[in-house]
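Overview (structure and organization)
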Amino acid sequence: MQKFDKIKFRNNMSTAARQAIISILAVAAALAISMIIIAAMGVDPGRAMSKMLSGALGNKNAVAETLVKMTPLLFTGISYALANRCGLTNIGMEGQLYMGALFATISGVYLPGLPLAIHLPLTMLAGFVGGGIWGWIVGVLKVRFGASEIITTVMLNTVAIQLVQFMVNGPITEPPGNDAQSSPLLDSARLPIILKNTRAHLGILIALLFVYLFWMFLWSSKKGYEIRVSGQNPDAALYSGINTKRNVVLVMLLAGGVAGLAGATEVMGVQGRLFPTVSPGYGFDGIAVALIGANTPLGIVAGAFLFGILRAGGNSMQRATGVPVAIIKVIQAIVILMVVATAILREVNLRRKKPEAKKA
Amino acid sequence: MDVINILGGLLSSDLRMATPILLGALGLLIMNRAGLINIGCEGIMLVATFVAVAGTYYTHNVWLGMVCAMLVGGLMGLLFAFLTVSLRANQVVVGVAFNTMGAGMSTVLYRMLFGMDFVSVKDYAFTHVSIPVLKDIPLIGDALFHQMPVVYLAFLLVPVVSYFLFRTPAGLNLRSVGENPKAADTLGIDVYKMRYAATIVGCMLMAMGGAFLSTGLLNSFQEDMTANRGFIALAAVIFGRYKPTGVMLATMLFAFGLAVANLLPSINSPIPYNFVTMIPYILTIVVLAGFAGKTVAPAAAGKPYKKG
Amino acid sequence: MSELILEMKHITKQFPGVLANDDVNLSIEKGEVHTLLGENGAGKSTLMNVLCGLYHPTSGEIWLEGEKVRFSSAKDAMNRGIGMVHQHFMLIPTLTVVENCLIGARSDSILKLDLAGAAQQIKALADEYNMDVDPMAKVSDMPVGARQRAEIIKALFRGAKILILDEPTAVLTPQETEELFNMVRKLTKDGYTVIFISHKLNEVQEISDRITVLRQGKSVTTVKNDNISVNELARLMVGREVDMTVTRHETDQSKAMLTVSYLTLGQKSGNRLLNDVSFEIHKGEIFGIAGVDGNGQGELVECLTGLTRATSGTAIYKDLDLAKSTTREIMKSGVSHIPQDRHKSGLILSMNLAENMILQDYYQPQFGKGALLNWKYINTFTDQLIQDFQVKAPSRFELAQNLSGGNQQKVIIAREVSREPGLLIAMHPTRGVDVGAIEYIHKRIVHERDQGRAVLLVSTELEEVLKLSDRVAVMYEGEIVGIVKPSEVTVEEMGLMMGGKRLAEIR
């Protein structure tokens with residue numbers, strides 16, 4: 001920890017505190033609105049919420065489920081935050097996730113005879129490469145041809161999903177090809193379970209490791225500094241001789257790769273094989289996670305935890321109260337809207353602060 | 001004779017398939033020209049598919065169902081404008097939230113009202129209207145001039161939107177807001193009002209497209225039934241180079257791709273279905289990257305404007 | 001005494017942290033050319049933005065033709081006949097001139113945009129005032145002078161009776177300026193009123209009927225143009241005696257540090273932004289570049305710092321040709337650069353001081369070996385610089401945006417000077433900073449010269465260039481029209497060169 005020094009803590013102390021308060025307010029407001037919606041459905045919102053909480057945290061199994069749901073959210077949250085720190089809007093995490101899942105599946109199914117110590121990291125790497133390629137394309141299209149990453153990522157999402165559908169229905173379908181799914185991954189490419197008799201797998205620890213790497217990279221490395229400068233002020237980056245174009249490509253590659261890991265861990269840790277719908281929208285949830293977390297490491301963990309609870313507890317809420325599990329999408333959307341709506345508070349605060357500082 | 005029938009049938013279904021996308025794309029185009037990017041078209045259309053079915057079910061009138069959908073679309077537009085124009089929130093992020101919201105809300109509300117039942121509004125479906133004389137043109141007559149009224153309406157909107165944008169004072173003002181809001185402001189145009197209006201009208205058109213998809217094409221609501229049509233509409237706007245006619249042609253091309261793709265499995269084609277469905281997205285990337293000549297998006301698209 | 005058409009009474013405009021207008025009074029007579037004179041940041045533009053409805057005054061009243069008015073938008077002001085030609089044109093490049101004129105205009109029909117009719121009116125207006133404007137031309141295809149004419153036409157077309165011209169000559173050639181003035185004279189003869197914003201004394205004297213001087217947000221006085229000297233105007237504008245003395249040491253200037261030869265930057269259109277620029281800067285010398293804004297100074301600095309690639313020519317510093325090197329190579333070779341706009345490129349406003357201090361050298365081993373940054377060292381380094389350069393900031397963790405302009409500039413200077421460069425390129429180093437900071441920055445630049453560095457000082461503040469430089473080059477339309485020693489040149493000669501006369505023609 002010594003390496004971080006105090007700078008990042010002090011540096012963003014006041015802004016961080018303010019952001020945290022804003023995020024918490026936004027989440028609280030979103031939950032309040034959601035409870036009103038649930039009440040309108042004729043269900044006691046308190047009961048629904050407590051069912052959700054007990055489904056997500058009530059026992060060992062529930063906690064394990066929350067960790068399982070958190071894992072891809074951490075990856076996609078990091079992915080969005082990383083690109084955003086460089087001034088890019090990566091809406092393509094869903095597609096990058098699918099590509100990561102596809103590559104990991106190919107590595108996990110078709111490389112027999114490898115020991116776990118080699119096969120497992122190799123398959124993770126394959127997932128990273130799959131997503132990374134998908135991100136890299138976006139970076140190159142932006143830098144070389146001036147194509148907005150917002151639109152290209154949106155387009156590439158569908159392309160990736162269609163590609164996965166094609167693959168599981170044809171080239172990598174499980175023989176004899178009755179179902180739209182791949183063969184199961186070899187055991188040597190499966191992520192070990194970390195809590196006995198649950199689905200919690202090693203992926204959560206890998207994801208947390210990546211949160212740490214994300215932190216180290218952006219705030220303690222020279223490359224990370226370059227990327228933050230490029231994102232905050234591209235003109236200043238050019239002025240200091242930073243190669244912003246190369247950084248855009250690099251960041252999209254890394255962001256894509258991290259999103260690809262979300263797909264890889266889903267396949268390797270949860271589903272065990274590739275289905276045409278690997279992700280129920282984890283790629284888009286990552287945007288919300290990063291937004292709530294204000295692109296900070298701890299914030300992302302908190303955001304992923306929150307959405308992990310929603311995803312894990314949603315099913316038990318539906319079973320117990322009949323509130324459709326789709327309500328969690330509504331809650332998520334309201335959370336996002338609340339966060340962006342309250343973002344203006346930050347600006348107002350800064351403006352109010354300025355005159356005093358000027359006198360100093 | 002058979003070939004002609006197949007082609008005629010294909011053209012006819014192309015127009016029908018194109019209609020929801022075209023309506024969505026025209027809505028997006030209007031917003032885009034006013035400087036707003038709406039990734040959330042998919043979500044708005046999805047909510048509209050549900051509202052239209054529910055509205056039709058309760059009013060027993062498919063047109064009233066569509067009006068309900070458009071009203072809800074307008075409200076969503078109002079919210080979008082409030083967040084992105086007044087609060088200057090990131091348009092892309094709000095759009096993403098709208099998509100999530102649309103997917104969640106449509107399902108939740110459907111379950112609330114109808115449980116797990118399958119609700120069909122076939123009894124109140126739009127009737128086909130034939131245009132006399134024109135209908136009897138060989139080859140294309142039946143395809144073009146024996147359609148549901150909404151189809152005519154959507155295609156009629158193309159010249160209307162085009163005329164509005166390029167031939168009326170309000171259209172010029174709207175374009176100026178999308179190109180340079182600051183300049184428009186100095187010329188006395190209320191940038192916020194303009195963007196609110198464009199968003200509300202645009203979202204109503206998207207909702208109309210969604211309504212036609214559920215009540216016009218499939219007579220029912222299914223979860224996630226828009227199946228990326230909102231994104232295809234987004235693609236069509238770019239592929240059509242931000243011009244109504246171009247957008248129309250792009251929509252027809254993409255819808256044709258969808259029609260062909262749906263046809264493929266039944267004729268045991270060697271070309272995989274998924275590859276055909278990818279085409280609109282890949283074409284759009286190709287156009288965006290400037291491989292087919294430069295397209296110029298409205299200069300201020302996606303950027304919030306702050307009044308002085 | 002002709003009738004008053006417009007009065008602005010006790011106008012105060014408070015921005016967060018800045019009092020841009022402080023109890024300003026202005027009265028304008030019908031048919032006059034009334035100049036607002038003041039330095040950068042005196043509040044001229046703010047006052048005019050209040051007048052044309054873009055800003056709402058914090059307090060104060062506007063009286064138009066004897067009637068109190070309140071403009072809630074630009075449209076209100078325009079409807080009352082007030083039109084402004086902004087310094088940064090408000091034209092939309094993808095549209096034609098006539099379309100630009102019709103944006104937001106009242107129209108007879110909401111259904112039909114009357115392009116042809118409007119084009120005819122525009123043509124007629126243009127002909128009447130001898131302006132060369134094609135109504136159907138796309139703005140993006142037009143040169144700057146033509147765009148300005150289009151802006152003026154736009155204002156007239158929309159019924160402006162009071163025309164505000166904000167620094168209109170900044171982008172014009174002398175001939176174009178003369179044409180503009182002729183047009184202004186004809187306009188006032190026809191009953192229009194013109195408010196002219198400028199800080200160029202000669203132009204002000206040439207065109208004005210009356211002059212109101214603004215200084216630091218306050219209206220100082222209003223004078224008639226016929227009985228006032230340029231010197232007196234300068235004194236009113238600046239408000240203090242100009243101190244030309246600066247202590248400097250003798251330095252050995254025998255060694256050339258930077259040799260620029262035939263540096264040329266061409267545009268696709270064939271226009272040359274830089275044309276065969278050649279000069280030398282020696283060790284221990286401040287080489288100043290004077291000239292009206294936009295005569296190629298920015299391009300010269302960009303070419304020397306690798307931000308723009310010159311079309312031809314060389315700029316040799318040590319063994320490196322700056323004209324063909326990347327920014328990183330140039331900075332590494334010992335060149336420092338104080339950029340013209342500290343907010344745009346000199347600082348990362350949302351980052352703290354430590355992060356800003358390492359912007360130029362973060363990749364060097366002293367700030368961390370290998371791929372990682374050594375924050376411990378960076379922090380001590382930052383604290384040292386804050387102390388050495390008297391940056392007023394609570395701590396190194398303060399965000400750059402919370403500092404005053406002068407202290408922000410000190411951060412940049414600390415960063416650039418601490419690199420101990422062989423060549424220091426400083427552009428507008430004192431623009432928009434307070435008097436105390438100006439003094440400090442000037443001393444610091446001279447100090448660096450005394451240390452034996454070569455300094456390229458680009459400034460539009462004539463006083464600054466003459467005071468600090470050992471030699472001064474004047475740039476005009478991308479060329480150097482003369483290189484002189486400040487002690488051997490008169491202000492009049494400088495003015496002539498800045499207006500495009502070559503030194504050889506004058507002497």
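Notes on the structure follow. (Residues numbered from 1 in each chain as written. Chains lettered and ligands numbered in written order. Predicted model: local features only at pLDDT ≥ 70, side-chain atom pairs only at ≥ 80, totals over all residues.)

**Overview of the overall build of chain B**
Helix and strand content of chain B: 12 helices and 2 strands. Secondary structure elements in chain B, listed N-terminal to C-terminal, are α-α-α-α-β-α-β-α-α-α-α-α-α-α. Computed over the C-alpha atoms, the radius of gyration of chain B is 19 Å, within 12% of the 19 Å expected from 2.2 N^0.38 for a compact globule of 308 residues. In chain B, which comprises 308 residues, the share counted as buried stands at 55%. Of the contacts made within chain B by residues no fewer than 6 positions apart, 76% connect residues no fewer than 24 positions apart. (Helix = DSSP H or I, 4+ residues; strand = E, 2+ residues; numbered from the N terminus. Rg over C-alpha atoms; globule rule 2.2 N^0.38 Å. Buried ≥ 20, exposed ≤ 12 C-beta atoms within 10 Å, placed from the backbone. Contact = placed C-beta atoms within 7 Å.)

**Quick word on helix α12 (residues 273–288) of chain B**
I279(B) marks the point of greatest bend in α12(B), at about 40°, and the proline P280(B) comes within the next four residues. All of the buried residues along α12(B) are N274(B), T277(B), M278(B), P280(B), Y281(B), L283(B), T284(B), I285(B), V287(B) and L288(B). Packing partners of the buried residues in α12(B) comprise α6 (116–145) and α7 (149–169) of chain A together with α10 (229–239) and α11 (244–263) of chain B. Looking one or two places after α12(B), you find G290(B), whose phi comes out positive at around 80°. (Bend = angle between axes of the 7 residues up to and from the residue.)

**Structural notes on the interface of chain C and chain B**
Between chain C and chain B, the contact holds 20 residues from the first and 19 residues from the second. Looking at the side of chain C that touches chain B residue by residue, the classes come out as 12 nonpolar, 5 polar and 3 charged. (Nonpolar A, V, L, I, M, F, W, Y, C, P; charged D, E, K, R; others polar.)

**Concerning the environment of M93(A)**
All names here are of chain A. Residue position: M93 is located in helix α5 (residues 93–110). For M93, a count of 37 C-beta atoms within 10 Å puts it in the buried group. For M93 and A294, which are 201 residues apart along the polypeptide, the C-alpha to C-alpha distance reads 18 Å. Setting aside chain neighbours within four positions, we find M93 in contact with T76, S79, Y80, A259, G283 and G286.

**Side note on the interface of chain B and chain A**
How large an interface is tends to be reported as the accessible area lost when its parts come together. Counting residues at the interface gives 37 residues for chain B, matched by 36 residues for chain A. Contributions of two or more residues to the side of chain B that touches chain A are made by α4 (91–114), α10 and α12 of chain B. At 14 residues, α4(B) tops the list of elements feeding residues into the side of chain B that touches chain A. Among the residues making up the side of chain B that touches chain A, the classes are represented as 26 nonpolar, 9 polar and 2 charged.

**Section: the pairing of strand β13 (residues 286–290) of chain C**
All names here are of chain C. Of all 5 residues in β13, 5 are buried; the element is thus mostly enclosed. Burial of the side chains of β13 extends over both faces: I286, G288 and A290 are buried on one face and F287 and I289 on the other. Pairing between β13 and strand β18 (residues 454–458): 4 bridges, direction parallel. Bridging from a neighbouring strand, F287 pairs with L456 of β18. Note: β13 against strand β19 (residues 471–476), 4 bridges, orientation parallel. Residue pairing across strands places A290 opposite V474, the latter belonging to β19. (Pairing = 2+ DSSP bridges.)

**Some remarks on the sheet that holds strand β11 (residues 256–266) of chain C**
Residues and elements named next belong to chain C. Spatially, the 4 strands line up as an open sheet ordered β12-β11-β14-β15, and their pairing is antiparallel. Bordering the open sheet on either side are β12 (272–282) and β15 (320–321), each of which pairs with just one other strand. Against the sheet, helix α9 (residues 297–304) engages β11, β12 and β14 (312–317), with an angle of about 65° to β12. (Axes fitted to C-alpha atoms, helices over the stretch in contact; angles between N-to-C directions.)

**Comments concerning the packing of α5(A) against helix α11 (residues 244–271) of chain A**
Helix packing geometry: the angle between the two helix axes and the distance between the axes. Residue and element names in this part refer to chain A. For the pair α5 and α11, interaxial distance at closest approach is 6 Å and the crossing angle is 50°. With respect to α11, the element α5 is oriented oblique. Handedness of the α5/α11 crossing: right-handed. Between α5 and α11, the residues in contact are M93, Q96, L97, Y98, M99, G100, A101, F103, A104, T105 and G108 and G256, A259, G260, L261, A262, G263, A264, E266, V267 and M268, respectively. A breakdown of the residues in the contact of α5 with α11 according to their chemical character gives 13 nonpolar, 7 polar and 1 charged. (Parallel < 35°, antiparallel > 145°, perpendicular 65-115°, else oblique. Left-handed = near helix turned anticlockwise from the far one by under 90°.)

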